[in-house]
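# Topology and contacts: notes
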Amino acid sequence: MLSTVRIACKSLTRTPGIFHSLSTSASRKMEPYKSAIHPDIYLYPGSSVQDQFKTIDPSTLIETDAQSFSGYIPMEALTVRYTDSQGRITADPIRDSRVDIRFHLQSAQWLSDETKANIQAKWGRELTKDGFLVVKSDRTRSAMMNTADGLRKLREAIWASEGQTPPANPELELEIQRKKQIALARKKVKQPKV
Amino acid sequence: MFKIWSPLGWEGGSSPIFKTTPVEVSYNYGYHAQRQYPPMSLKTLQLLIDTGRLDTHHPIDLATLCQTKVYRLDPNLRQFGVHLTAEGMDGFKAKVHLEVQWASQEAIAAVERNGGSLVTAYFDIFSVKALADPIAFFKTGQPIPRRLTPPADAVGYYMNPANRGYLADPTKVAEERVLLAQKFGYSVPPLDDPVSQEAQELIKDPRQVFYGLQPGWIVSLADKRIYKPLDEELVKHYNS
């Protein structure tokens, strides 16, 4: 016995008109296929694959110690400006790679009073006349990477004001060591750098 | 067309030094089992969308990318899928729901900050052959293969929530989305529009190759019908 079903190949988008029209019939909505090794059944029973797209409240990820800085920064609280390396806003995302991140320290709701006092004590001299803490980065040619670099600098500055050293990066340290060894070996052999 | 990596020590045809000297025995051990993932940049992806070769109203998988004929894959050269690279991440504006085989962290961030989503999934070589040219595959009359689980050296990658692996814990993936947004400085956009809802409902099962189609089905383009297996053993096999 043969079964007749409409083709529902959403992958075949070369001629979207033909296949799309066949697949959007609401009356013949197919049940999703779940094999024996579907993550909901086999790996993580009790959760759904769709849970990965749910919006999580970031405060649930923060530890309840309210006094020290957790590392979480709400991006709405920061003013982020993208300019080219000369400071001009060209509105071209590829050219505007320099990042300027600033916020008014004393009116920041996302920092506890103790953290604000620490930052004021350590970085008070670095603040602008109006009391803004400014972090800039133009380290790479990508605005996205520079934003990450700027936020890293900001987090490390806040943790430094609380007396914490930045976390060790063993991969980076190994890479630096490796390059030093190569440079030393090159000197010994007196080969020109290629 | 993306070429294949030559074996290490290849000297253009003459006997390589590791073959003529008796010391190096397993120099290219496992060469024929190595998987390759030809890269595609976000720049190319944006271009394909801007020129109308890709429709962002539906989720995009390997089959869709190969059908554009801009990105080409040769499964005979042990090419197992697409590696999404971050080149062009700053100019990437599209909202896409992607299924790729490998993705760099920056590429994931660029996709997610525009309100899209990304899943990395493993397809074995027979599934890749089907996806690389679905129409040619359907014309062979073979049943859709039952996708295999990743090999031992790839399981760790696809179970890692940071890579958005299809076998990762979904709650941890949701957390990783927040962490990545914190790293690259954007707020996680909610995925509650109809296109995103459709993409979420269509997430493939680990045994599934095509959207909307199950393993074991035979798609006949000439008859415009799908033939499903009815034998108990076959049904049990394709649902296992």
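Keep in mind the model is a prediction, meaning the values are calculated, not measured.

Criteria and cut-off values
Every chain begins its residue count from 1, and numbering advances along the sequence as written. The order in which chains are written sets their letters, starting at A; the order in which ligands are written sets their numbers, starting at 1. Given that the model is predicted, a residue must reach a pLDDT of at least 70 before its local features are reported, and side-chain atom pairs must reach 80 or more before they are shown or counted; all residues, however, enter totals for whole chains, interfaces and linings. Note that the side-chain values use all heavy atoms of the structure and ignore hydrogens as well as water. In this text, helices come from DSSP runs of H or I with a minimum length of four residues, and strands from runs of E with a minimum of two, each type numbered from the N-terminal end. Each residue gets one of three labels from its accessible area relative to the maximum for its type: buried under 20%, exposed over 50%, partly exposed in between, using a 1.4 Å probe on protein chains only. By the convention used here, residues are in contact when the closest approach between their heavy atoms is within 4.5 Å. Here, Shrake-Rupley sampling with a 1.4 Å probe gives the accessible areas, and only protein chains in the shown set may cover a residue. Note on terms: buried area is the combined drop in 1.4 Å-probe accessible area of two parts once they are placed together, counting the loss on both. Identification of polar contacts relies on pairs of N or O atoms within 3.5 Å, with a donor-acceptor requirement for protein atoms, meaning one able to donate a hydrogen and the other able to accept it, and with residues adjacent in sequence counted only if both atoms are side-chain atoms. In this classification, the charged set is Asp, Glu, Lys and Arg, the nonpolar set is Ala, Val, Leu, Ile, Met, Phe, Trp, Tyr, Cys and Pro, and all remaining amino acids, among them Gly, are polar. When DSSP finds at least two bridges between two strands, those strands are taken to pair. Remark: nonpolar core denotes a set of buried residues (Ala, Val, Leu, Ile, Met, Phe, Trp, Tyr, Cys) joined through side-chain atoms within 4.5 Å. To obtain an axis, a line is fitted to C-alpha atoms, over the contacting stretch when the element is a helix, and the angle between two such axes runs from 0 to 180 degrees between their N-to-C directions. The term salt bridge refers to a pairing of a side-chain nitrogen on Lys or Arg with a carboxyl oxygen on Asp or Glu at a separation within 4 Å. Values of pLDDT, ranging from 0 to 100, describe the predictor's confidence in every residue of the model. Angular relationships are summarised with four words: roughly parallel below 35 degrees, roughly antiparallel beyond 145, roughly perpendicular across 65 to 115, and oblique for the angles in between.

## Focus: the overall build of chain A
When helices and strands are tallied, chain A shows five helices and three strands. Reading chain A from its N end, one meets helices and strands in the order α-α-β-β-α-β-α-α. Evaluated residue by residue, chain A yields a buried proportion of 32% over its 194 residues. A sequence separation of at least 24 residues applies to 50% of the contacts in chain A between residues at least 6 apart. When the accessible surface of chain A is totalled, it reaches about 13,200 Å², and 54% of it is carbon and sulfur.

## Structural notes on the overall build of chain B
Each helix and strand in chain B was counted, giving ten helices and seven strands. Principal axes of the C-alpha set define a box for chain B whose edges measure 65 × 55 × 35 Å. Expressed as a percentage of its 240 residues, the buried residues of chain B come to 53%. Partitioning the contacts of chain B with sequence separation of at least 6, the portion at a separation of at least 24 is 60%. Element-wise, carbon and sulfur atoms account for 55% of the exposed surface of chain B, whose accessible area totals about 11,200 Å².

## Topic: the interface of chain A and chain B
If you look at the interface, chain A gives 54 residues, while chain B gives 64 residues. Carbon and sulfur atoms make up 64% of the surface buried where chain A meets chain B, a total of about 5,100 Å² over both sides. On the chain A side of the interface with chain B, the three residues burying the most area are A:Tyr33, A:Phe53 and A:Met144, jointly 17% of the side's total. Run the count over chain A and chain B and you get 13 residue pairs in polar contact (both at pLDDT 80 or more). For the side of chain A that touches chain B, the secondary-structure elements that each account for two or more residues are helix H2 (39–43) and helix H4 (143–161) of chain A. Classifying every residue of the side of chain A that touches chain B gives 29 nonpolar, 15 polar and ten charged.

## Quick look at the pairing of strand S2 (residues 98–104) of chain A
Residue and element names in this part refer to chain A. Looking at chain direction, strand S1 (residues 79–83) and S2 are connected through five bridges and run antiparallel. When the sheet's bridge partners are listed, Thr83 is paired in S2 with Arg98. Two elements, S2 and strand S3 (residues 132–137), share six bridges in a ladder whose sense is antiparallel. Each residue of the ladder has a partner; that of His104, found in S3, is Phe132.

## A word on unusual backbone geometry
For A:Ala91, which is not a glycine, the phi torsion comes out positive at approximately 65 degrees. Structurally, A:Ala91 is set in the loop between S1 and S2. At B:Lys69, a residue that is not glycine, the phi angle is positive and equals roughly 65 degrees. Since its relative accessible area comes to 31%, B:Lys69 is described here as partly exposed.

## Notes on the nonpolar core
Membership of the largest hydrophobic core comes to 60 residues, with the highest contact counts inside it found for B:Leu42, B:Leu45, B:Leu84, B:Leu98, B:Ile144 and B:Phe210. Not counting the four nearest positions on each side in its chain, B:Ile144 is found in contact with B:Phe137, B:Phe138, B:Val209, B:Phe210, B:Leu213, B:Gln214, B:Pro215, B:Gly216, B:Trp217, B:Val219 and B:Tyr238.

## Describing the sheet that holds strand S1 (residues 39–41) of chain B
Residues and elements named next belong to chain B. What the three strands build is an open sheet, ordered S1-S2-S4; its pairing is parallel. Looking at strand neighbours, the two that pair on one side only are S1 and strand S4 (102–103), the edges of this open sheet. Bridge count between strand S2 (residues 83–85) and S4: two bridges; the pairing is parallel. Within S4, the position partnered with Leu84 by the bridge is Ala103. Packed onto the sheet, helix H2 (residues 42–50) meets S1 and S2 and runs at close to 65 degrees relative to S1.

## So, the side chain of A:Thr83
Residue and element names in this part refer to chain A. Tracing the backbone through its elements, the reader meets Thr83 in strand S1. With a relative accessible area of 9%, Thr83 lands in the buried category. If sequence neighbours within four positions are ignored, Thr83 has contacts with Arg88, Ile89, Arg95, Asp96, Ser97 and Arg98.

## With respect to the pattern of salt bridges
Throughout the structure, instances matching the rule amount to 16 salt bridges over all chains. Across the salt bridge formed by A:Lys179 and A:Glu175, the nearest N and O atoms sit 3.9 Å from each other. Taken together, the residues span about one helical turn, with A:Lys179 and A:Glu175 both in helix H5 (residues 170–189) at a distance of four residues. Taking the relative accessible area as the measure of exposure, A:Lys179 reaches 53% and is therefore exposed. You can call A:Glu175 partly exposed: its relative accessible area is 32%. In this structure, the salt-bridge partner of B:Asp61 is B:Lys204, at a minimum N-O distance of 2.7 Å.

## Thoughts on helix H9 (residues 194–201) of chain B
Note that an α-helix has 3.6 residues per turn; residues three or four places apart therefore point the same way. What H9(B) keeps buried is the set B:Ser196, B:Glu198, B:Ala199 and B:Gln200. Elements that come into contact with the buried residues of H9(B) comprise strand S3 (97–100) of chain B.

## Examining the pairing of strand S5 (residues 117–120) of chain B
Residue and element names in this part refer to chain B. Taking every second residue as pointing to the same face, both faces of S5 are buried, with Ser117 and Val119 on one and Leu118 and Thr120 on the other. Relative to S5, S3 runs parallel, the two sharing four bridges. Paired with Leu98 across the strands is Leu118, a residue of S5.

## Considering the confidence of the model for chain B
Mean pLDDT for chain B: 95, with 98% of residues reaching 70 or above. For this predicted complex, the interface confidence score (ipTM) comes to 0.87, while the overall pTM stands at 0.85.

## Observations concerning the packing of helix H4 (residues 105–113) of chain B against helix H8 (residues 170–184) of chain B
Two packed helices can be described by the angle between their axes and the distance between those axes. Residues and elements named next belong to chain B. Packing of H4 against H8 brings their axes to within 10 Å, and their N-to-C directions diverge by 95 degrees. Here H4 is positioned roughly perpendicular relative to H8, judged by the angle of their axes. In this structure, H4 contributes Gln105, Glu106, Ile108, Ala109 and Glu112 to the contact, and H8 contributes Arg177, Leu180, Lys183 and Phe184. Residue composition of the contact of H4 with H8, by class: four nonpolar, one polar and four charged.

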